[in-house]
Amino acid sequence: MKNDQSQSIEISVEQAKLLGSAQRVKIIKTLVDTAKTSKQVADELGESPGSIHYHIQKLYEGGLIDLVETRTVGGIVEKYYKSKAKWFNSHGKQLMDPILADDYDAATSTRMSLRMQLSMEQREEMEADFKALLEKWVEISIASKGENTQEYAIGIKVISAEAPK
């Protein structure tokens, strides 16, 4: 499957649950442009190879990343993985991340909402801006290497206020 950076693919709710971890989101981000081994990802993220290998196996078994190459170097088998997409979309009534449910009791929470009138082109531009903003903050979280951080769930939902036709 060709991996286009702007590509997004549809995933099941079960697959979406695999992305309910900041660690797995960071792993996906490191595998978007370049195929890497678990060890290379662990080194990039400053994490233990065993932990990263576990998460990569879960993402692979869940169909979110592909095994694109296997090399034997000095008797060691190196498996190179690459993300199937940069963005993953899930449809249905069930929340992709249960932490974003209205009744979740969080230590800290910020809610923002508003309504605006937009053309379809403006809506698409706003969506692209949100994606760029989220990507920026994933990069920042990767660079922090988990030092003195907490995990947060962020959900953005853009819904037409018009009745369906």
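What counts, and where the lines are drawn
Residues numbered from 1 in each chain as written. Predicted model: local features only at pLDDT ≥ 70, side-chain atom pairs only at ≥ 80, totals over all residues. Heavy atoms only, no water. Salt bridge = Lys/Arg side-chain N within 4 Å of Asp/Glu carboxyl O. Helix = DSSP H or I, 4+ residues; strand = E, 2+ residues; numbered from the N terminus. Buried < 20%, exposed > 50% of the residue type's maximum accessible area, 1.4 Å probe, protein only. Core = buried A, V, L, I, M, F, W, Y, C linked by side-chain atoms within 4.5 Å. Contact = heavy atoms within 4.5 Å. Pairing = 2+ DSSP bridges.

An unreviewed UniProt entry lists the protein under the name Winged helix-turn-helix domain-containing protein, with Paenibacillus dokdonensis as the source organism.

Under the counting rule described, the total for this entry stands at 8 salt bridges. Between Lys29 and Glu139 there is a salt bridge; the shortest N-O distance is 3.1 Å. Here the residue Lys29 occupies a position in helix 2 (residues 22-30), and Glu139 occupies one in helix 5 (residues 120-144), the gap between them amounting to 110 residues. For Glu69, the salt bridge is made with Arg71, and the minimal N-O distance between the two is 2.7 Å. For Arg71, a relative accessible area of 36% translates into the label partly exposed. A single salt-bridge network, built from bridges that share partners, covers Arg123, Glu127 and Lys131.

Along the polypeptide, Arg111 turns up in the loop between strand 4 (87-89) and helix 5. For Arg111, a relative accessible area of 59% gives the class exposed. Put simply, Arg111 and Ser83 are 28 residues apart on the chain and 31 Å apart in space, counted from C-alpha to C-alpha.

Residues Ile27, Ile28, Leu59, Leu64 and Phe88 are the most contacted members of the largest nonpolar core, which totals 22 residues. Elements supplying a minimum of two residues to this core: helix 1 (13-18), helix 2, helix 3 (38-45), helix 4 (49-61) and helix 5. Ignoring anything within four residues of it in the chain, the contact list for Leu59 reads Leu18, Leu19, Arg24, Ile27, Ile28, Leu64 and Ile65.

The pairing of strand 2 (residues 65-73) with strand 3 (residues 76-83) spans 8 bridges and is antiparallel. From the neighbouring strand, Leu67 faces strand 3, where its bridge partner is Tyr81. Turn length for the strand 2-strand 3 hairpin, with the two strands adjacent in sequence and antiparallel, is 2 residues, and the turn residue Gly74 shows positive phi of about 60°.

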